[in-house]
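# Results of the structural survey
Each chain, letter by letter, is given below.
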Amino acid sequence: MEDAPLRAYLVDDEALAIERLRRLLTGAEGLHIAGSATDPAKALRFLNSESIDVLFLDIQMPGMNGFDLLARLDRQPFVIFTTAFDEYALQAFEVNSIDYLMKPIEPEQLARALKKLDRLRLPAQQEWQRSPDLPELLSQLSASLRGEQSSYPRRIASRVGERIGFLELN
Amino acid sequence: MISASNPPTADAPGYRKRYAYSILMVAGSIFAVTLAVTALLHSVGMSMKWSATGSHIIGSFVYSTLIALPSMFLLKWITLRFYSKSNRLLICMQISALLFTATAGCLLAGLIFILIGALSPAGYWQEFRSSFEFAVIITLLIGMSTTAYETMRERLQAATLELRTRQVEQERAYKLLAEARLSSLESRIHPHFLFNTLNSIAALIPRDPQLAEDTVGKLASLLRFSLGANHNGLVLLSQELKIVRDYLEIEQTRFGERLRYRIEIPNALLDVQVPPLALQSLVENAVKHVVSRRTEGASIEVRGTKENGRIRLEVADDGPGFSLDAITPEHGLGNLIARLDLLFGDRGQLDVTRENGLTVVRLAFPAEGKC
């Protein structure tokens, strides 16, 4: 890895999950853990005031789920979802997630995710990260997670090997 | 002529049709029997003129119809009306009814014969005397044997029905218990619960190996109890409480300060019999719907009392509360309600109330166990 280390932030409502992830990330090169939160509201305040490159995000959380949180962010970081159960994998790939890790996270899976992150960081700001309709897509997703009526996503992510491409649906 | 253990309802559809059908049957068979008897008399050489034979058939038909039909209706009415009375009383009433219909039938038949000119008014009492004895014997014989036959058939049917009902109920009970086990299995081995617990254990191993080891033990005992095949009936409250504690301790490891709980069950209650996974379902419900959904978590209180032979188990939480109306049968509490109903009938209750700002889910059932 080159340049300044990536700034990572961890969000999970279970403190032990954060503790373990922190430990797993300790050895990772070029990655600096800027902070963590068990309360999604606290995470939101932090993320909207500080610049973060990669967000490790749990999905099922009290008050605000992972998709809710993303929808309220001013700027979209790279996201690596961490979840206990494969229920939202498809939705997770509809947003700009790099990977979807299952808890308890295996070090090999985490290494794979970090490798992808390393590849995607250049160019630093992807076109889709500035896309104005992303927040809208995210709010649709979080609405669908709450069981409300949702419309079709405007784009889908397709993964070929370790590459992710986005397909516009219009 | 039905002795019913359960009185059939007169307004049931098809009842009137069956009535008409039985009248036709009775009239038809009377006619057939009369015909057969006359043919028999002829064949054994009792010479009679054919005109006499004809009037004999008509005469017998009039007698039989006048006696048999009212007997049938009267017996049916008596049995339905007084089915709850003792058997002996019922038989006395049936015999009196038959005697009455035989007498009335003979008297009426005589009058009819006079009316159609087959009998002179002077011969009325002689005709009555000659036919009465025979009519009484035949009526009692046929009436009582039919009643006995019907009674036996009815009892057999009732017994078969009861056996079948019992089988169905037993099957239902097994099914519900299997469902409870499955749903408890699903929630304890609920992927979220299981994988998050494994994740907690993985996190604890380097920092607090002792706590990690304890948590593995609790998880194992929880899984074992949920998989357990040996609680078909009731379990001791002490056993159930161990599972409740294991579960709460695991969840507390996960949720930390968000889960606060207190268990206040008097020692005297530890030996009472309770439905397995009942208290557990209540606690789990509070954790799933209040603790994990709120950043501030919840305080849970588990309480138990025994009063007037009834056991009351309560789980209180400081969450927003819910209504039992919203509970579907697939819900963990829905299954619990159905199981309580099967185990205790009207004497088992589950209710949800708001008390001092707390949601209290209360389980009440008789202390002596199965009724």
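Because the structure is predicted, anything quoted here is derived from the model rather than measured. (Residues numbered from 1 in each chain as written. Chains lettered and ligands numbered in written order. Predicted model: local features only at pLDDT ≥ 70, side-chain atom pairs only at ≥ 80, totals over all residues. Heavy atoms only, no water.)

Let us now look at the interface of chain B and chain A. Each partner contributes residues to the interface: chain B has 20 residues there, and chain A has 18 residues. Both sides together, the interface formed by chain B and chain A hides about 1,700 Å², and carbon and sulfur atoms give 54% of it. One can count three salt bridges joining chain B with chain A. Two residues, A:Glu19 and B:Arg207, come together in a salt bridge whose shortest N-O distance is 2.6 Å. The interface formed by chain B and chain A contains six residue pairs in polar contact (both at pLDDT 80 or more). Here the side of chain B that touches chain A takes twelve residues from helix H5 (residues 191-207) of chain B, the largest share from any one element. (Contact = heavy atoms within 4.5 Å. Buried area = accessible area lost by both parts, 1.4 Å probe. Salt bridge = Lys/Arg side-chain N within 4 Å of Asp/Glu carboxyl O. Polar contact = N/O pair within 3.5 Å; in protein donor to acceptor, adjacent residues only side chain to side chain. Helix = DSSP H or I, 4+ residues; strand = E, 2+ residues; numbered from the N terminus.)

This next bit is on the layout of surface pockets. In this structure, the second largest pocket encloses a volume near 800 Å³. Around the second largest pocket, the lining comprises 34 residues; the ones closest to its centre are A:Gln60, B:His192, B:Lys288, B:Ser292 and B:Arg293. Looking at the lining of the second largest pocket, the elements that each hand over two or more residues are H5, helix H7 (237-255) and helix H8 (278-291) of chain B. Of the residues contributing to the lining of the second largest pocket, the split by class is eleven nonpolar, ten polar and 13 charged. (1 Å grid on protein atoms, 1.4 Å probe; cavity = no way out; pocket = protein on both sides within 12 Å on 5 of 7 lines; lining within 4 Å. Points joined across faces, edges and corners; volume = space filled by probe spheres on them. Nonpolar A, V, L, I, M, F, W, Y, C, P; charged D, E, K, R; others polar.)

Next up on the list: the nonpolar core. In a soluble, globular protein the nonpolar side chains are often hidden away together inside. With 51 residues, the main nonpolar core has B:Leu237, B:Leu313 and B:Leu363 as its most contacted residues. In contact with B:Leu363, other than residues within four places in its own chain, are B:Ala278, B:Leu279, B:Leu282, B:Ile311, B:Arg312, B:Leu313, B:Leu336, B:Leu340, B:Gln349 and B:Leu350. (Core = buried A, V, L, I, M, F, W, Y, C linked by side-chain atoms within 4.5 Å. Buried < 20%, exposed > 50% of the residue type's maximum accessible area, 1.4 Å probe, protein only.)

All names here are of chain A. Of the two faces of strand S3 (residues 54-57), the one lined by Val54 and Phe56 and the one lined by Leu55 and Leu57 are each fully buried. Relative to S3, strand S1 (residues 6-11) runs parallel, the two sharing four bridges. Pairing of Tyr9 across the sheet is with Leu55, part of S3. Sheet analysis places S3 next to strand S4 (residues 78-83), joined by four bridges and oriented parallel. Within S4, the residue paired with Phe56 across the bridge is Ile80. In this region the chain leaves S3, passes through helix H3 (residues 66-71) and returns to the parallel neighbour S4; the handedness of that crossover is right-handed. (Pairing = 2+ DSSP bridges. Right-handed = clockwise from strand over helix to strand, strands pointing away.)

What follows covers unusual backbone geometry. Most peptide bonds take the trans configuration, and most residues that are not glycine carry a negative phi. In this structure, the amide linkage connecting A:Lys103 to the following residue, A:Pro104, adopts the cis form with an omega of -5°. Its location among the elements puts A:Pro104 in the loop between strand S5 (97-102) and helix H5 (107-120). Although it is not a glycine, B:Asn308 adopts a positive phi angle of roughly 45°. Following the sequence through the fold, B:Asn308 ends up in the loop between strand S4 (298-307) and strand S5 (310-317).

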